[in-house]
Each structure stands twice: as C-alpha cells, then as structure tokens.
Amino acid sequence: MTAPLFSGRGRRSVAALGAVSAGLLLLSACDKPTPLATVTVGTSSVSTEAACSDGKELSMDKVQECLTDLKGAKTVEYGRGDTLRMGVEPEVVEDGKKWQAVLDGQPITEPSSNTYRSFPGADVFATGGQGEAPASKKLNIVQVGEDGKPLAVWAFNLKLK
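Attention in this report is confined to the structure presented alongside it.

Rules used throughout
- In this convention, every chain numbers its residues from 1, walking through the sequence in written order.
- Local features in this predicted model are restricted to residues whose pLDDT is 70 or higher, and side-chain atom pairs enter the listing and the counts only when it is 80 or higher, whereas totals over whole chains, interfaces and linings include all residues.
- Calculation of side-chain values draws on the structure's entire complement of heavy atoms; hydrogens and water are dropped beforehand.
- Helix and strand definitions here come from DSSP, where helices need a minimum of 4 consecutive H or I residues and strands a minimum of 2 consecutive E residues; each element is numbered from the N-terminal end.
- Accessible area is worked out with a 1.4 Å probe on protein chains only. A residue is then buried under 20% of its type maximum, exposed over 50%, and partly exposed in between.
- Throughout, a residue-residue contact means that at least one pair of heavy atoms, one from each residue, lies within 4.5 Å.
- Pairs of strands are assigned from DSSP output, requiring at least two bridges between the strands.
- Here, axes are lines fitted to C-alpha atoms. For helices the fit covers the stretch in contact, and angles between N-to-C directions go from 0 to 180 degrees.
- Salt bridges are counted wherever a side-chain nitrogen of Lys or Arg sits within 4 Å of a carboxyl oxygen of Asp or Glu.
- Two rings belonging to Phe, Tyr or Trp (six-membered ring only in the last case) form a pair when the distance between their centres is within 6.5 Å. Interplanar angles under 30 degrees mark stacking, angles over 60 mark edge-to-face geometry, and anything in between is tilted.
- Disulfides are defined as cysteine sulfur pairs within 2.5 Å.

Moving on to the side chain of Asn157. Structurally, the position occupied by Asn157 is in strand β10 (residues 150-160). On the basis of relative accessibility, which here comes to 13%, the residue Asn157 falls in the buried class. Beyond its immediate sequence surroundings of up to four residues, Asn157 is in contact with Leu70, Ala73, Lys74, Thr75, Val76, Ser136, Lys137 and Lys138.

Here you go:
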C-alpha cells in the first residue's frame, strides 16, 4: 500500500487555489464595462453603458450606425416642458475628453467637460408648427476626444407622454 501524496487538507488547499486561479483567468478575459451615462426626466432616470465603444476613435460609419440604431436604447418618458437632465461618469471627461448631446442625429449642445447638464422646460418635441410631434426621439450622448473625434456613443429613447 502506498501513502497519499497530499493529505486531505492539502488536497482541499490545492483545489481552492485552482478554483481561485480559474476564476481570475475568467475575469481577466472579460471586457471592462464602459462608464455609465444617465438621462433623467422628472423622477424617472435611466442609465446605460455605451452602445458603441471600441476603446479608440469610432469611424463615421460606426457613429452613424450608433446614432440611428434603437436596439438596446433605454427609454424614458418625457412630457412637454419637463426638465431634461443628462449626466456622465467622471471617466467620460478625463484627459481632455468631452461629451455632447445629439437629438435625432443633430447636436443640441456644444461639447462639454462637465459631468452634468440640465435643460429646464426644454421642449425637445417642438415642431415649430411643422406638423404633429413624433411619438419618440432618439437621444444620444457622444464622447469626443481632444481632437473632436467620436470615441463612444450612449443611446436613449425619449418617449412623449
């Protein structure tokens, strides 16, 4: 009869070490989540990670695709005259980066290095007398680098109450 190479306690220690190592290996293969952007109307808030982010500059084709794609966009209800609030995590504006709001593909703000913007009483569904207001509008937050090139896009859907 031969003696075991490891005692029961030793086998458990080796098994635990192996499980921890495998867990760390799996975690290192995961992508780091992108910072969150938040849109608030009244007491309703929605937050999401970037819909488009490659960790580098986005091509103009990719930006256009992100600005028009509604899949996965978080929805918040918006009533005429409500205060629209948008915020980004500090990481979005680090190292000279900025962000701007884009409504239905058109910029509605200048690039900003602030993490929060508020638009009291804004009527984003105003048509200027040009017909009936749409039922919803696409709101994006676009992160730009120091050179003004897009780096990430967050997608939201404003639904008219």
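From this point, the narrative continues.
Here we come to the sheet that holds strand β8 (residues 116-119). The four strands lie next to each other as β2-β1-β5-β8, forming an open sheet whose pairing is antiparallel. Both edges of this open sheet fall to β2 (44-48) and β8, since each of them pairs with a single strand only. Sheet twist, expressed as the mean angle between neighbouring strand axes with direction ignored, is 10°. Where strand β1 (residues 37-41) and strand β5 (residues 84-88) come together, five bridges link them in antiparallel fashion. If you follow Thr38 over to β5, its bridge partner there is Gly87.

What follows deals with the pattern of salt bridges. Think of it this way: side chains of opposite charge can pair up when their charged atoms draw near. The full count for this structure, using the stated rule, is four salt bridges. Two residues, Asp82 and Lys161, come together in a salt bridge whose shortest N-O distance is 3.9 Å. One end of the pair, Asp82, is in the loop between β4 (74-78) and β5; the other, Lys161, is in the segment after β10, with 79 residues separating them in the sequence. Lys137 serves as the salt-bridge partner of Asp104, at 4.0 Å between the closest nitrogen and oxygen. Separated by 33 residues along the polypeptide, Asp104 in the loop between β6 (98-103) and β7 (106-107) and Lys137 in strand β9 (residues 136-144) bring together distant segments of the chain. Classification of Asp104 by relative accessible area gives partly exposed; the value is 40%.

What follows is about the packing of aromatic side chains. Taken as a whole and assessed by the stated rule, the structure comprises one aromatic pair. Residues Tyr78 and Phe125 carry aromatic rings whose centres are separated by 5.9 Å and whose planes lie at 35° to one another, so their mutual orientation is tilted. Residue Tyr78 is located in strand β4, and its partner Phe125 is located in the loop between β8 and β9; the two are separated by 47 residues in the primary sequence. Here the two residues Tyr78 and Phe125 agree in accessibility, since each one is buried.

A few words on the state of the cysteines. This structure, assessed with the given rule, holds one disulfide. The disulfide partner of Cys52 is Cys66, and the gap between their sulfur atoms is 1.6 Å. Its S-S torsion of approximately -110° makes the covalent link between Cys52 and Cys66 left-handed. Highlighted residues: Cys52 in strand β3 (residues 52-53) and Cys66 in helix α2 (residues 60-68), separated in sequence by 14 residues.

Turning next to the pairing of β10. With nine of 11 residues buried, β10 lies mostly within the body of the structure. Taken together, the two bridges between β3 and β10 define a ladder with antiparallel strand orientation. Paired with Ser53 across the two strands is Ala152, which belongs to β10. Strand direction decides the pairing type here: β4 and β10, joined by five bridges, are parallel. Following the sheet pairing, Tyr78 is matched in β10 by Leu160. Where β9 lies against β10, nine bridges are found, and the strand directions are antiparallel. Bridge pairing in β10 links Val144 to Pro150. Counted between consecutive antiparallel strands, the loop separating β9 from β10 contains five residues, among which Gly148 sits at a positive phi close to 85°.

Without other data, these values stay purely geometric and don't point to any function.
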